[in-house]
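# Chains, contacts and geometry: an overview
Residues per chain, in single letters:
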Amino acid sequence: MIISKEFSLFVRRRLLKMHYESGVGHIGGNLSCIDILLILFHEIINKDSDKFILSKGHSAGALYITLWSTGVISEKEICTFHKDNTLLPGHPPVSVFEEIPFATGSLGHGLSLAAGLSKYKQLTNTKGSIFCLTSDGEWQEGSTWEAFLFITKHLLNITVIIDNNSLQGFGRIDEISSMNNFEQKLSAFNCDIISIDGHDNNQIRSALSKYSNKTKVIVAHTIKGKGVPFMENKLDSHYLPLDDQTYKEAIYYLNKL
Amino acid sequence: MRNELTGVLIERFKLSKFTFITGDLGFMAFESLKSNLGEYFINIGISEQNMVSVGASIANEGLETWIYSIAPFLYGRSFEQIRNDVCFHNIAVKLIGNGGGYSYGVMGPSHHSIEDYGVLLTLPNINVYIPAFTQDIEYIINIVGQSTSPSYIRLSTDDSTSFYEPPEYKNWRHLIKGNGNIIIVVGSLASLYVEEFLKVDYEKRPNLWVICKLPINISEIPTELLDDIKLAKVLYLAEEHVVRGGVGSEILFILQTLNISLNNFIHFYAQKHIFDYYGSQKYLRAKSGLNCENILSIITEKY
């Protein structure tokens, strides 16, 4: 299924409704990566051979909604998000969905987990690709660099996607660390780097489909809170939930797009 | 114990492939393992956190995975990776920590491993194995190799001489029988005591038990040991581990659960991390009162 603009908006609206009804934040980072996840799961990933690791576990909402859009997670389950007796906690759960092989949430684990999956395929000559979505802030974790050093040395078949929305929990990336230019930093490694607009479906599709015999890094330049003007590029959107008024406004803006 | 480990793993690899990941350790020990395993031997570099998560996902795909480092680098540096990526998912990763207790004595406290099993046993699904003798390695590798849950093996030193032949590996072993007091010893400390204890007159000779697997499964505690404790009402216990999270408190909890009361419990344990002066494992064990002379003088005082 080719992801259309209308479908992206439909999924965005369901994502916001889910967050609104459960009173949960982490919306901005979900809206920054949802376009990438939709194309990954609907157009790219071969469920029989490929695997995906959500290293930025706080975007579980975006992953749940994407899996809802593919039919893996039911509407009934989505309605329980972040509530008592749910299978869908704020960060991915352990061993519930085949599409979520690891429960992430603490940043800096995902790239190593992806590396292990890929190393297994390399050792056993098994077909398939590994995709890993990281946040930009989690490149402040030493373990992420440990993983990247390993991945590029072993020429692992991984597509690393960086959701480069430039905002983290308590400030802008470039105010907090010297991580404001991923392309420059990562160019020292033996990998293919592709810079894209992380909300342009054609660019996402093209980058994910491009063949590489090295580790592929897609630096996706995204906007935190994308699609909802009063959330876009706002630090608040990392944590704050929607109330009645802001939810109505958010849906209003999405309907206008 | 590392040489024994190498030999056993090489033989195991001939039967079925597995991956062995080391955090840049194994010089003068793992050269033959490396050449035998080929690409399945991975020196992942000085990156313990990455090492554990990589191992977790390789193992989760179905390939047997062993991970090796100096003990505190393994369970300390990568505790969250062991917790989240291995234990939460109940993945059968096999962790091997070398230098249990004060094995790396004079190397300094960064290299000591005296809180390892206490820390790890707070996590779900994991089992800990502490070989007492070199001969235990083959049994433990086979047990851990077949385990479907996470495991941690604490390697230390075997202080027994070639004249001593330990009984075949079991989680609990009655190493020495005598009319003296009962002492439970955790793992490799037993190898330090066993031959000296045997020299003691039978009337005073301690009843020496060794436990090599944690957490303690109550149903596995030998009835003979429990019956003897009920009668004696006195128990000695020695472990190269700090008191908190150690086997001492676990045993007391179990005895309480079983309604077995004691009049006296004498616990020998690793006293501390930071010393005024450092020395060998033998030196630091003595500083903690874990040396054989001290144990014997106390345990044979009232028999």
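Coordinates for the structure precede this section.
A brief structural summary.

Definitions and limits used
Each residue is numbered by its place in its chain's sequence as written, counting from 1. The lettering of chains begins at A and the numbering of ligands begins at 1, in the order of writing. Owing to the predicted nature of the model, reporting of local features is limited to residues with pLDDT of at least 70; listing and counting of side-chain atom pairs is limited to 80 or more, with chain, interface and lining totals taken over all residues. Only runs of H or I of at least four residues qualify as helices and only runs of E of at least two qualify as strands under DSSP, and these elements are numbered from the N terminus. Here the globule rule is a power law, 2.2 Å times the number of residues to the power 0.38, and the radius of gyration is based on C-alpha atoms. Whether a residue is buried, exposed or partly exposed follows from its count of other C-beta atoms within 10 Å of its own C-beta, namely 20 or more, 12 or fewer, or something in between, respectively; the C-beta atoms are built from the backbone. A residue pair is marked as a contact if its C-beta atoms, positioned from the backbone, fall within 7 Å. Note: two strands are recorded as paired if DSSP finds a minimum of 2 bridges between them. For helices, the axis comes from a line fit to the C-alpha atoms of the stretch in contact; other axes are also lines fit to C-alpha atoms, and the angle between any two N-to-C directions lies between 0 and 180 degrees. Between 65 and 115 degrees an angle is taken as roughly perpendicular, under 35 as roughly parallel, over 145 as roughly antiparallel, and anywhere else as oblique. Two helices that cross are described as forming a left-handed crossing if the nearer one is turned anticlockwise from the farther one by less than a right angle, and a right-handed crossing if clockwise. Note on definitions: a nonpolar core is a set of buried residues drawn from Ala, Val, Leu, Ile, Met, Phe, Trp, Tyr and Cys, linked by C-beta atoms within 7 Å. For each domain, the first and last residues come from an automatic or database assignment. Along the arc lie the directions from the helix axis toward the C-beta atoms.

### Things to note about the overall build of chain B
- What chain B contains, in helices and strands, is 12 helices and 12 strands.
- For 303 residues, the compact-globule estimate of 2.2 N^0.38 gives 19 Å, and chain B sits close to it at 19 Å.
- Along the first, second and third principal axes, the C-alpha atoms of chain B reach 55 × 40 × 35 Å.
- Taken over 303 residues, chain B has a buried fraction of 48%.
- By sequence separation, contacts in chain B at least 24 residues apart represent 77% of the contacts at least 6 residues apart.

### Structural notes on the sheet that holds strand 1 (residues 51–54) of chain A
Residue and element names in this part refer to chain A.
- Across the sheet, 5 strands lie side by side as 1-2-3-7-6; this open sheet has parallel pairing. Unpaired on one side and paired on the other, strand 1 and strand 6 (191–197) mark the two borders of the sheet. The mean angle between the axes of side-by-side strands here comes to 20°, regardless of whether they run parallel or antiparallel.
- In this sheet, strand 7 (residues 215–221) lies alongside strand 3 (residues 158–164) in parallel orientation, the contact comprising 6 bridges. Each residue of the ladder has a partner; that of Thr159, found in strand 7, is Lys216.
- Taken strand by strand, helix 2 (residues 27–44) contacts strand 1, strand 2 (130–135), strand 3 and strand 7, and its axis lies near 170° from that of strand 2.

### Notes on the sheet that holds strand 8 (residues 182–186) of chain B
Residues and elements named next belong to chain B.
- Strand order across the open sheet formed by 5 strands is 7-9-8-11-12, with mixed pairing between neighbours. Across the chains shown, the open sheet's two edge strands, defined by having one partner strand only, are strand 7 (172–176) and strand 12 (264–269). Along the sheet, successive strands turn relative to each other by an average axial angle of 20°, direction set aside.
- Both strand 7 and strand 9 (residues 207–211) contribute to a ladder of 4 bridges, which runs antiparallel. Considered in strand 9, the bridge of His174 is made with Trp209.
- Contacting strand 8, strand 9, strand 11 (234–239) and strand 12, helix 10 (residues 247–257) runs over the sheet at an angle of about 150° to strand 11.

### Observations regarding the pairing of strand 6 of chain A
- Sheet topology places strand 6 of chain A next to strand 7 of chain A; 7 bridges connect them, and they run parallel. Looking at the pairing, Ile193 of chain A lines up with Val217 of chain A of strand 7 of chain A.

### Section: the interface of chain B and chain A
- Taken together, the contacts link 23 residues of chain B with 21 residues of chain A.
- Counting only elements with at least two residues in the side of chain B that touches chain A, the list comes to helix 3 (48–61) and helix 5 (79–87) of chain B.
- Looking at which element gives the most residues to the side of chain B that touches chain A, the answer is helix 3 of chain B, with 10 residues.

### Regarding the packing of helix 5 (residues 110–124) of chain A against helix 3 of chain B
- As a packed pair, helix 5 of chain A and helix 3 of chain B sit with axes 7 Å apart at the nearest point and diverge in direction by 45°. Taken together, helix 5 of chain A and helix 3 of chain B sit at an angle that is classed as oblique. Every pair of crossing elements has a handedness; the one defined by helix 5 of chain A and helix 3 of chain B is right-handed. Within the contact between the two elements, helix 5 of chain A uses Ser112, Leu113, Ala115, Gly116, Leu117, Lys119 and Tyr120 of chain A and helix 3 of chain B uses Gln49, Asn50, Ser53, Val54, Gly55, Ala56, Ser57, Ile58 and Glu61 of chain B.

### Quick notes on unusual backbone geometry
- Leu214 of chain B connects to Pro215 of chain B through a cis peptide bond whose omega is 0°.
- Here Pro215 of chain B is to be found in the loop between strand 10 (213–214) and helix 9 (223–232).
- At Ser95 of chain A, a residue that is not glycine, the phi angle is positive and equals roughly 50°.
- With respect to the helices and strands, the residue Ser95 of chain A is situated in the loop between helix 4 (75–78) and helix 5.
- Positioned with a positive phi, Asn90 of chain B is a non-glycine residue whose angle comes to about 50°.
- On the secondary structure map, Asn90 of chain B appears in the loop between helix 5 and strand 4 (94–98).

### Points about the nonpolar core
- Among the nonpolar cores identified, the biggest contains 145 residues, and Tyr64 and Cys132 of chain A together with Val185 and Leu208 of chain B are the most heavily contacted of them.
- Per-element tally for this core: the top contributor is helix 2 of chain A, with 10 residues.
- Looking at this core, you find at least three residues from each of domain 1 (2–155) and domain 2 (172–299) of chain B.
- Here Val185 of chain B is in contact with Ala190, Tyr193, Leu208, Val210 and Ala238 of chain B, once residues within four sequence places are set aside.

### Considering helix 10 of chain B
Residue and element names in this part refer to chain B.
- For helix 10, every residue scored as buried is listed here: Val247, Gly248 and Ile251. Burial along helix 10 is one-sided: seen end-on, the buried residues are contained in an arc of 105°. Those residues of helix 10 that are exposed and angled more than 90 degrees off the buried face are Phe253, Gln256 and Thr257.
- Close packing links the buried residues of helix 10 with strand 8, strand 9, strand 10, strand 11 and strand 12.

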